Amino acid sequence: MVEATPGYELPLRLFAAFRSIIDEVHAELAREGHPDIRPMHGFVFQAIGVHGTTAVELGARLGVSKQAAGKTIANLEQGGYVERAADARDARRKVVRLTGRGVDVLDRSARLFDQIQTRWAEAIGEDRLAALHADLRTLTPGELFQLDTPGWFGADR
C-alpha cells in the first residue's frame, strides 16, 4: 500500500524543482561572465521583449510599481544589459531595450535550460520527463509566461 503524500508537499516540491533549475542556471551564468544577473532579471528580459517597452508597461507586466521597474531598469542599464532610447514612433516616450549583453544572457540561459532538461531526462528517463511535461500542461493554466510572478510574490492578497 502506497502512503498518501500530504497535499502541502506538492507545491513545495514544484518550487524546489524550480529553485534547483534557476539556481543552477544562475551559478553557470555567473561563471560565464554574468555574475550580477538575478532570477528576477529573466522575467524582466522576457517582459521587455524584442521590441522594448516603457518603464510603466514593464511595471504592469511584472506586477510591480513603476518605481520598482525603474530601479530594476537602472541597475540593468548600469550593467550594460538594457538601454533607454526615444521611441521611434513617439519621441516623448522612452523605450527600454535589451542590449547585445542582455540578449547574450537570454541565449546562454536557453542553452543552460536545455542542458538541465537533458540531464533530467537521463536521470529519470525521456518517457517520464515527457509525461511530467504533459501532466504539468494538463494541470496548469495555458499561459506559460506569467511575467507578473515577481509582483505576485510580494502582493497583498
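Residues numbered from 1 in each chain as written. Predicted model: local features only at pLDDT ≥ 70, side-chain atom pairs only at ≥ 80, totals over all residues. Heavy atoms only, no water.

Caption draft 1: Layout of the overall build of the protein. Within the protein, the regular secondary structure consists of 7 helices and 2 strands. The order of helices and strands in the protein, counted from the N terminus, is α-α-α-α-β-β-α-α-α. By its C-alpha atoms, the protein is 65 × 40 × 25 Å across when sized along the principal axes. Look at the contacts in the protein between residues 6 or more apart in sequence, and 56% of them connect residues 24 or more apart. (Helix = DSSP H or I, 4+ residues; strand = E, 2+ residues; numbered from the N terminus. Contact = heavy atoms within 4.5 Å.)

Caption draft 2: Quick peek at the environment of Ile37. Structurally, Ile37 is set in the loop between helix 1 (9-31) and helix 2 (39-48). Residue Ile37 is classed as buried on the basis of its relative accessible area of 4%. Dropping the residues within four chain positions of it, Ile37 is found in contact with His26, Leu29, Phe45, Leu76, Tyr81 and Val105. (Buried < 20%, exposed > 50% of the residue type's maximum accessible area, 1.4 Å probe, protein only.)

Caption draft 3: Looking closely at the pattern of salt bridges. Scanning the model with the defined rule gives 9 salt bridges in all. Ionic pairing is found between Asp23 and Arg19, a salt bridge with its closest N-O pair at 3.3 Å. Taken together, the residues span about one helical turn, with Asp23 and Arg19 both in helix 1 at a distance of 4 residues. Owing to a relative accessible area of 42%, Arg19 belongs among the partly exposed residues under this scheme. (Salt bridge = Lys/Arg side-chain N within 4 Å of Asp/Glu carboxyl O.)

Caption draft 4: The nonpolar core, seen in detail. Phe45, Leu58 and Val82 are the most contacted members of the largest nonpolar core, which has 21 residues in total. Counting only elements with at least two residues in this core, the list comes to helix 1, helix 2, helix 3 (55-62), helix 4 (66-78), strand 2 (94-98) and helix 5 (100-124). (Core = buried A, V, L, I, M, F, W, Y, C linked by side-chain atoms within 4.5 Å.)

Caption draft 5: Structural detail: the packing of helix 2 against helix 3. At a minimum axis distance of 10 Å, the contact between helix 2 and helix 3 shows a crossing angle of 120 degrees. When the axes of helix 2 and helix 3 are compared, the pair comes out oblique. Where helix 2 crosses over helix 3, the two elements pack in a sense that is right-handed. Contacts from Met40, Phe43, Val44, Ala47 and Ile48 in helix 2 reach Leu58, Arg61 and Leu62 in helix 3. Residues of the contact of helix 2 with helix 3, tallied by class, amount to 7 nonpolar, no polar and 1 charged. (Axes fitted to C-alpha atoms, helices over the stretch in contact; angles between N-to-C directions. Parallel < 35°, antiparallel > 145°, perpendicular 65-115°, else oblique. Left-handed = near helix turned anticlockwise from the far one by under 90°. Nonpolar A, V, L, I, M, F, W, Y, C, P; charged D, E, K, R; others polar.)

Caption draft 6: Quick look at the side chain of His41. In this fold, His41 is placed in helix 2. The class of His41 is buried, set by a relative accessible area of 11%. Here the side chain of His41 touches Arg38 through a polar contact of 2.8 Å, landing on its backbone nitrogen. Apart from the residues within four sequence positions on either side, His41 is in contact with Asp36, Thr72 and Leu76. (Polar contact = N/O pair within 3.5 Å; in protein donor to acceptor, adjacent residues only side chain to side chain.)

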